[in-house]
Every structure is written in C-alpha cells, then in structure tokens.
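One letter stands for each residue in the lines below.
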Amino acid sequence: MEKNIPRHTGIIMDGNGRWAASRKAIRAVGHRKGTENVRTAISFARASGIKALSLFAFSTENWKRPTDEVTAIMELAVEFLAKETPELKASGVRLRFAGIREGLPARTLNSMAASEEATKNESALDVLICLNYGGRSELALAAKALAEQAAQGELDPSSIGEEAIARHLFAPDMGDLDLLIRTGAEKRLSNFMLWQAAYAEIYFTDELWPDFGEESFQAALDFYDSRQRRFGGLA
Ligand code: FPP
C-alpha cells in the first residue's frame, strides 16, 4: 500500500552540544556536525516526497548562550549557505527563513537574502530555516499586524478568525505541520511552531541531531505512516 508521507515536516534539531561533549570537544564542533546533517536531512526529505521542511536552527531564547557559541552558529549558517545554495537550487529546493531579522549579524542577513533570491523559483521542496524564531513572537506579530489593519479601518475586527492569523505567520504557505520530529531526548516543543503544530504527529527520539541520519529519518516517516490522524473527529 502507498505510504502516507507528511507534506510538512518540522524538526527540532537538538543534541549538538551533547554530541560534542561526548567526544570531549567544544560545543561549536557539535554545531558544525549538526549543520552538515542539515544537508543530509534536506536531501532525504526531497527524495522522500516531503514538500515542506521547517528546521529550528536558532530560537529567540538562544541568545542566552555564551557569545562564542552564538557567533559560531551564525557563522556556520553563513558557511552552510555559501557552500550549499548552488546544489540546493539545482535539486529544486526553495530556501527561506522565518524569524525576527532584527539582531542577526549583517553577514548572516546577507547570506540569507542571497540564498532566498537564488532559490526563489524552485518548487520541488520548500525549506524554511527558523532562525531567531519563536512561536509566541510569531503569533504576537500576527496579532499586531491585524490590530494595525483594524486601527486603520482596513479590517473589521469581527472578521478575525483562525484563517486571518494563519495568513499572517512568517511563511503562511508552509501550512500546518503534519509531522514534528525532536531529536536529543527532550520531550517539549520549546516554542517551535506552536500554531502550526496543533495537529502534528510528534516523534521524539533520544538520538542526538548529528547522529540522526537517513535511517533515523526513515524511522520517523514509518512512525508517521502508522498513525491514524483524526483531527478531533472519530476514526
Ligand atoms: C540544539 O543543540 C541545537 C541548536 C541550538 C542549534 C542548531 C543549529 C544547527 C544544526 C546549525 C544551524 C544550521 C543552519 C543551516 C543555519 P543544543 O546545543 O541545545 O544541544 P544540547 O542540548 O546537547 O546542549
């Protein structure tokens, strides 16, 4: 029987620090390995027929980490985008970013803009990298945009419903999450796609992100295929 493939998959890529610590390396080494694995995950998603992939790379709360770790992640993003964008484009990947741009280093912002521009016409797989992203701030920004439209007289407040909010998220066309994967053993959402995860099937694995290879991703897809989705209704 044909397998059910999640149209939109999100990944909370946790465990880079522990991966490094278990090798007595500094945390940035784990983030480098984790970044290499992003390439593997995107290729696998593309080959599996997933149409949209959202990756949690840096949260609005991650600024609390030591400066050298934050700088390492931002630089890894620049390196990743410079190295991988041509091949991603060639394989039909459209790359975009979700999150608050304010506060990100100029170098990172420039690479993000260049990758978005270079891949804007691709359509085989939509990849959304969530950088300086928080689910609550995404919802607060949507509420603010709607309030501003109402204050300008452009919007009737009584018309505001779920669809209006969904239209004002960072990347509305990504739609709801079908499958949410979290690596690294923790069982929480950590402020990732709170709106979009409402009916997601959630797959937690103890595996650390740098170890989450193709077989592990396939196991998550098998889990998804085994679920019966009811969206609050009956079977
Ligand atoms: C969580 O591991 C991981 C992060 C906070 C950063 C994830 C970033 C990447 C994979 C690289 C970014 C890639 C691109 C393409 C921009 P952790 O540090 O919380 O691990 P720990 O829980 O073991 O300490």
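Only a predicted model underlies this, so the values are computations on that prediction, with no experimental measurement involved.

Asker: What am I meant to see in helix α2 (residues 27-48) here?
Answerer: A turn of α-helix holds 3.6 residues, and therefore any two residues three or four places apart point the same way. Counted at 1.5 Å a residue, the expected span for α2 with its 22 residues is 32 Å, and the 31 Å between its end C-alpha atoms agrees. For α2, every residue scored as buried is listed here: Gly30, His31, Gly34, Thr35, Asn37, Val38, Arg39, Ala41, Ile42, Phe44, Ala45 and Ser48. Tucked into the core, α2 has its buried residues touching α1 (16-21), β2 (52-59), α3 (67-90), β3 (93-98), β4 (125-133) and α7 (214-226). Looking one or two places after α2, you find glycine 49, whose phi comes out positive at around 90°.

Asker: Just to check I follow, could you spell out the pattern of salt bridges for this structure?
Answerer: Pairs can form between side chains of opposite charge once their charged atoms are near each other. Counted by the stated rule, this structure contains 21 salt bridges. For the salt bridge of glutamate 116 with arginine 101, the shortest nitrogen-to-oxygen distance reads 3.3 Å. Of this pair, glutamate 116 sits in helix α4 (residues 106-119) while arginine 101 sits in the loop between β3 and α4, and the two are 15 residues apart along the sequence. With a relative accessible area of 32%, arginine 101 lands in the partly exposed category. With a shortest N-O distance of 2.9 Å, lysine 120 and glutamate 117 are connected by a salt bridge. Glutamate 117 gets classed as partly exposed once you look at its relative accessible area, which sits at 48%. One salt-bridge network, in which partners are shared between bridges, spans Arg94, Arg96, Asp126 and Asp173.

Asker: I tried to follow helix α5 (residues 135-151) on my own but got confused; where do I start?
Answerer: Compared with an ideal rise of 1.5 Å per residue, which puts 17 residues at 24 Å, α5 spans 24 Å between its outermost C-alpha atoms and is within 8% of the ideal. Every buried residue of α5 is accounted for by Gly135, Ser137, Glu138, Ala142 and Leu146. Of the residues trailing α5, glycine 153 is marked for its positive phi of about 80°.

Asker: What is the right way to look at the site of the ligand in this model?
Answerer: The full set close to the ligand counts 16 residues, and Asp14, Gly17, Arg18, Arg27 and Arg65 are the nearest of them. In the environment of the ligand, an oxygen atom lies 3.3 Å from a nitrogen or oxygen atom belonging to the backbone of glycine 15. At a separation of 2.7 Å, an oxygen atom of the ligand approaches a polar side-chain atom of arginine 27. A total of 620 Å² of accessible area belongs to the ligand in isolation, and the protein chains cover 91% of it. Elements with a minimum of two residues in the shell around the ligand: α1, α2 and α3. Per-element tally for the shell around the ligand: the top contributor is α2, with four residues. Along the lines of polarity and charge, the residues of the shell around the ligand split into four nonpolar, seven polar and five charged.

Asker: Which parts of the structure should I look at to understand the sheet that holds strand β6 (residues 201-204)?
Answerer: The pairing of strands in a sheet happens through backbone hydrogen bonds and is either parallel or antiparallel. If you trace the six strands from one edge of the open sheet to the other, you get β3-β4-β2-β1-β5-β6, paired in parallel fashion. Looking at strand neighbours, the two that pair on one side only are β3 and β6, the edges of this open sheet. Each strand axis lies, on average, 20° off the axis of its neighbour in the sheet, ignoring direction. Pairing between β3 and β4: six bridges, direction parallel. The residue of β4 that forms the bridge with arginine 94 is aspartate 126.

Rules and cut-offs
Residues numbered from 1 in each chain as written. Predicted model: local features only at pLDDT ≥ 70, side-chain atom pairs only at ≥ 80, totals over all residues. Heavy atoms only, no water. Helix = DSSP H or I, 4+ residues; strand = E, 2+ residues; numbered from the N terminus. Expected span 1.5 Å × (residues − 1). Buried < 20%, exposed > 50% of the residue type's maximum accessible area, 1.4 Å probe, protein only. Contact = heavy atoms within 4.5 Å. Salt bridge = Lys/Arg side-chain N within 4 Å of Asp/Glu carboxyl O. Near = heavy atom within 4 Å. Polar contact = N/O pair within 3.5 Å; in protein donor to acceptor, adjacent residues only side chain to side chain. Areas by Shrake-Rupley, 256 points an atom, 1.4 Å probe, with all protein chains shown as cover. Nonpolar A, V, L, I, M, F, W, Y, C, P; charged D, E, K, R; others polar. Pairing = 2+ DSSP bridges. Axes fitted to C-alpha atoms, helices over the stretch in contact; angles between N-to-C directions.

The values reported here are purely geometric and, on their own, carry no functional implication.
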